[in-house]
Amino acid sequence: MHDLSLDVRAGELLGLLGPSGSGKTTLLRIIAGLDFPDRGRILFGSDDATGLPVQQRAVGFVFQHYALFKHMSVADNIAYGLNARKRADRPAKAEIKRRVGDLLDLIRLSGFADRYPSQLSGGQRQRIALARALAVEPRVLLLDEPFGALDAQVRKDLRRWLREIHDRTGQTTIFVTHDQDEALELSDRVAVLNKGRLEQVGTPDEVQEQPASPTVLKFLGDSVEVEALVEGTGGQARVLVNGRPTPVAAPANTIGPVKLYVRPWQLQFAEAHDQHLAGTVRSSYRSQGRQRIEVEHLDGKVLVVEDFDGERYEAGRAVGLRINGGYVFA
Amino acid sequence: MSDVIAPTFAAREAVPPASAVAEGRAVRWGLIATAIVFLALFLVLPLFTVFAQAFSRGVAAYLDAFREPDAWVAIRLTLLVAAIAVPFNLVFGVAAAWAIAKFEFPGKSLLITLIDLPFSVSPVVSGLIYVLLFGSQGLFGGWLQENGIQILFALPGIVLATIFVTFPFVARELIPLMQEQGNAEEEAALTLGASGLHAFLTVTLPNIRWGLLYSVLLCNARAMGEFGAVSVVSGHIRGLTNTIPLHVEILYNEYNFVAAFSVASLLAGLALVTLVIKSILEWRYSDELAAGARH
């Protein structure tokens, strides 16, 4: 991990997004006190938690593979953190039972108190793991790829459900994911990590509309690189592709050849007099009301165009493409 | 279609093999028979012989073997040695398995190799090590003599030799089990505020309990039955430093076959009981392992 500074706001749901090996889980474990940094500090509010052992950090941690206690019932799992407290701080038996009941209601598994983890589905286990972490009323809830081990459908349901729980409890939450969709759907803010560096922090809209670097841009979705030229300065600056101006905003203080990154939906089929690029259709397929067409550019580069499902584009057809948007980095 | 295919099948009339690895009937029965004959000849027959010999002059003669005070001393000594060596190896085994399975440290593979050492060294050599260390000509022999401490030809020597020979059992059994289970549950317990000890007692121990019981059982059986290493360090002092296996050997060398086999039947009985409990544990334990794998 490289030096980074990340400020998490109270009550927010922050998504740590990055490819595998980007350091997001390490960062989460450092916050939890499961791993320790070589240098740097961890602050909870104004309290320095850097030297605190994991037990005293008051974090709730949810693991990718649930890490439920196999030999304990669901109720005992949830009550574990309360029962582990010193006698003086431990709530009375009846109080623990009531809290476990409330949490089971919250995760909508009320009838499951006496079951064992092996009798539950993956989604149910992860909900129990969340209830167990919430039981100790943590200052911050940390979720490490919480839906990573679940089927696509269950994952979608649980995402929505987690957002609901967060809205209801207002619990400050950091979750780690490598799934862009998940991060963009769930988070109040997204922190994009790559190779141990923090690339950008912002709302889902911000990171999508103003990616801070090519890395962020590439990680958040498909894109193609196109050779472009910046001409003029100040208000007159324009980004040209093959001599034709594009609507892309030129970066300040840059002139000459640049790389233009274009999303599939920013490409449009166009007539010869209106086109920036030309090529032949290589293949196409339809999915969910959209058509994705791969076009081989004259220089051999493959462009992906996304089009609403209208006209079919057969392989071999010569087409022209117009660039309606894109990103240039200084 | 079907009237084209049906005759083809009918014409063949062959039963498809149950699976690709299934062998012909002759091969199958041949293998089974070989295994049974082998088992009968090398395992069941000797076991039967032990009991047959022990009871060859009737129950009274069998019981006579245990009326001898030396036999009782041997039994008590064996129990005492096991009672010291097994708990020691339990603690050592859990500690070593914990260290190896849950942490990375330099010299880890060396430690794993060292744990296996007693399995690869002849028990006689294991005994001789202690003679070289604590014997009167040994490394610490002089110092021990000056201070009047008796290790060889006494209980401490027997216990040391037994611990040496049996210490791989617990660690060997627990290392793969703990490695498979990983750290996640312990980490979960710690984040929930549990102290290391509390996490160990409430999470780690329950997760390894069957494996632990199983390994303690095997360790105990070996501790009580160990002959070679103990024979070297015990000095064979009748009524003092003879364990059950050594007592059996002495009786046998004195041509007192009934008594020898009577006492030997104790060890054989121990083996049978161990086997039964082991099977029960394996049945429970495989259940738990499967639950771990499903997880």
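Residues numbered from 1 in each chain as written. Chains lettered and ligands numbered in written order. Predicted model: local features only at pLDDT ≥ 70, side-chain atom pairs only at ≥ 80, totals over all residues. Heavy atoms only, no water.

- In the nomenclature of an unreviewed UniProt entry, chain B is known as Sulfate transport system permease protein CysW of Methylobacterium trifolii.
- What UniProt states about chain B under its Subcellular location (unreviewed entry) heading is, verbatim, "Cell membrane".
- Checking UniProt for chain B, the heading Function (unreviewed entry) contains the comment "Part of the ABC transporter complex CysAWTP (TC 3.A.1.6.1) involved in sulfate/thiosulfate import. Probably responsible for the translocation of the substrate across the membrane." (UniProt positions renumbered as here; feature names shortened; annotations may be inferred.)

- An unreviewed UniProt entry annotates chain A as Sulfate/thiosulfate import ATP-binding protein CysA of Methylobacterium trifolii.
- Among the UniProt annotations of chain A, the heading Sequence similarities (unreviewed entry) holds the following wording: "Belongs to the ABC transporter superfamily."

### Some remarks on the sheet that holds strand β6 (residues 173–177) of chain A
All names here are of chain A.
- Pairing in this open sheet of 6 strands is mixed, and the strands run β4-β5-β6-β1-β7-β8 from one edge to the other. Each end of this open sheet is capped by a strand with a single partner; those strands are β4 (59–62) and β8 (197–202). Ignoring which end each strand starts from, the neighbouring axes of this sheet average 15 degrees apart.
- Pairing between strand β1 (residues 13–17) and β6: 5 bridges, direction parallel. If you follow Leu 14 over to β6, its bridge partner there is Ile 174. (Pairing = 2+ DSSP bridges. Helix = DSSP H or I, 4+ residues; strand = E, 2+ residues; numbered from the N terminus. Axes fitted to C-alpha atoms, helices over the stretch in contact; angles between N-to-C directions.)

### Here's the deal with the pairing of strand β14 (residues 277–287) of chain A
All names here are of chain A.
- Sheet analysis places β14 next to strand β17 (residues 318–323), joined by 4 bridges and oriented antiparallel. Within β17, the residue paired with Ala 278 across the bridge is Gly 320.
- Both β14 and strand β15 (residues 290–297) contribute to a ladder of 8 bridges, which runs antiparallel. Residue Tyr 285 lies in a different strand from β15, and its bridge partner there is Arg 292.

### Some points on the pattern of salt bridges
- For the structure on display, the rule yields 36 salt bridges over all chains.
- One salt bridge connects Arg 238 of chain B with Asp 70 of chain B, and the closest N-O pair in it is separated by 3.2 Å. You can see Arg 238 of chain B sitting in the loop between α12 (228–234) and α13 (244–253) and its partner Asp 70 of chain B sitting in helix α4 (residues 69–102), a full 168 residues away along the chain.
- Classification of Arg 238 of chain B as partly exposed rests on a relative accessible area of 33%.
- Each of Arg 155, Arg 159, Asp 179, Glu 182 and Glu 185 of chain A takes part in one network of salt bridges that share partners. (Salt bridge = Lys/Arg side-chain N within 4 Å of Asp/Glu carboxyl O. Buried < 20%, exposed > 50% of the residue type's maximum accessible area, 1.4 Å probe, protein only.)

### Focus on the UniProt feature "domain: ABC transmembrane type-1" (unreviewed entry) in chain B
- Here the UniProt-annotated "domain: ABC transmembrane type-1" (unreviewed entry) positions come out as residues 75–276 of chain B.
- The span residues 75–276 of chain B shows a helical share of 79% and a strand share of 0%, and its end C-alpha atoms are spaced 22 Å apart.

### Overview of the layout of surface pockets
Residue and element names in this part refer to chain A.
- Approximately 970 Å³ is the volume found for the largest pocket.
- Leu 6, Leu 27, Ile 31, Arg 41 and Ile 42 are, among the 28 residues lining the largest pocket, the residues nearest its centre.
- Mapped onto the lining of the largest pocket, the elements with two or more residues apiece are α1 (24–32) and β2 (43–44).
- Top contributing element to the lining of the largest pocket by residue count: α1, with 3 residues.
- Tallied by class, residues from the lining of the largest pocket come to 15 nonpolar, 5 polar and 8 charged. (1 Å grid on protein atoms, 1.4 Å probe; cavity = no way out; pocket = protein on both sides within 12 Å on 5 of 7 lines; lining within 4 Å. Points joined across faces, edges and corners; volume = space filled by probe spheres on them. Nonpolar A, V, L, I, M, F, W, Y, C, P; charged D, E, K, R; others polar.)

### As for the packing of helix α2 (residues 74–83) of chain A against helix α4 (residues 122–135) of chain A
Residue and element names in this part refer to chain A.
- The interhelical angle for the contact between α2 and α4, taken along N-to-C directions, is 25 degrees, at an axis separation of 7 Å. The angle between the axes of α2 and α4 places the two elements in the roughly parallel class. For the crossing formed where α2 meets α4, the hand is right-handed. On the side of α2, the interface is formed by Val 74, Asn 77, Ile 78 and Leu 82, while α4 contributes Ile 128, Ala 131, Arg 132 and Ala 135.
- Taken together, the residues of the contact of α2 with α4 sort by class into 6 nonpolar, 1 polar and 1 charged. (Parallel < 35°, antiparallel > 145°, perpendicular 65-115°, else oblique. Left-handed = near helix turned anticlockwise from the far one by under 90°. Contact = heavy atoms within 4.5 Å.)

### Let's talk about the UniProt feature "domain: ABC transporter" (unreviewed entry) in chain A
- Residues annotated by UniProt as "domain: ABC transporter" (unreviewed entry) correspond here to residues 1–220 of chain A.
- Helix makes up 38% of residues 1–220 of chain A and strand makes up 16%, while its end C-alpha atoms are separated by 21 Å.

### Details of the UniProt feature "transmembrane region" (unreviewed entry) in chain B
- The feature "transmembrane region" (unreviewed entry), as annotated in UniProt, sits at residues 29–52, 73–101, 121–144, 151–171 and 255–277 of chain B in this numbering.
- Annotated as 67% helix and 0% strand, the span residues 121–144 of chain B places its first and last C-alpha atoms 26 Å apart.

### A closer look at the packing of aromatic side chains
- Tallied over the full model, the rule gives 17 aromatic pairs over all chains.
- With centroids separated by 6.2 Å and ring planes inclined at 80 degrees, the aromatic side chains of Phe 164 of chain B and Phe 167 of chain B adopt a geometry described as edge-to-face.
- The structure contains a cluster of three or more aromatic residues connected by ring pairs, namely Phe 92, Tyr 130, Phe 134, Phe 140, Phe 164 and Phe 167 of chain B.
- The aromatic ring of Phe 69 of chain A is capped on one face by Arg 132 of chain A, whose charged end is 4.6 Å from the ring centroid.
- Its end group placed over the ring of Trp 98 of chain B, Lys 102 of chain B keeps NZ or CZ at 5.6 Å from the ring centre. (Phe/Tyr/Trp six-rings, centres within 6.5 Å; stacked < 30°, edge-to-face > 60°. Lys NZ or Arg CZ within 6 Å of the ring centre and 35° of its normal.)

### Points about the nonpolar core
Residue and element names in this part refer to chain A.
- Grouped together as the largest cluster of nonpolar side chains are 35 residues, with contacts concentrated most on Ile 78, Leu 104, Ile 128 and Leu 130.
- Of all the secondary structure elements, the ones that give two or more residues to this core are α2, α3 (93–106), α4, β5 (140–144) and α5 (152–169).
- Residue contributions to this core peak at 7 residues, all from α4. (Core = buried A, V, L, I, M, F, W, Y, C linked by side-chain atoms within 4.5 Å.)

### Some remarks on α4 of chain A
- End to end, α4 of chain A covers 20 Å across 14 residues, agreeing with the expected 20 Å (1.5 Å per residue, within 8%).
- The first or second residue beyond α4 of chain A is Glu 137 of chain A, which carries a positive phi of 50 degrees. (Expected span 1.5 Å × (residues − 1).)

### A word on the environment of Val 86 of chain B
All names here are of chain B.
- Note that Val 86 resides in helix α4.
- Given the relative accessible area of 9%, Val 86 is considered buried.
- Put simply, Val 86 and Ala 221 are 135 residues apart on the chain and 9.7 Å apart in space, counted from C-alpha to C-alpha.
- The residues touching Val 86, leaving out its near neighbours within four places in the chain, are Val 216, Cys 219, Asn 220 and Ala 223.

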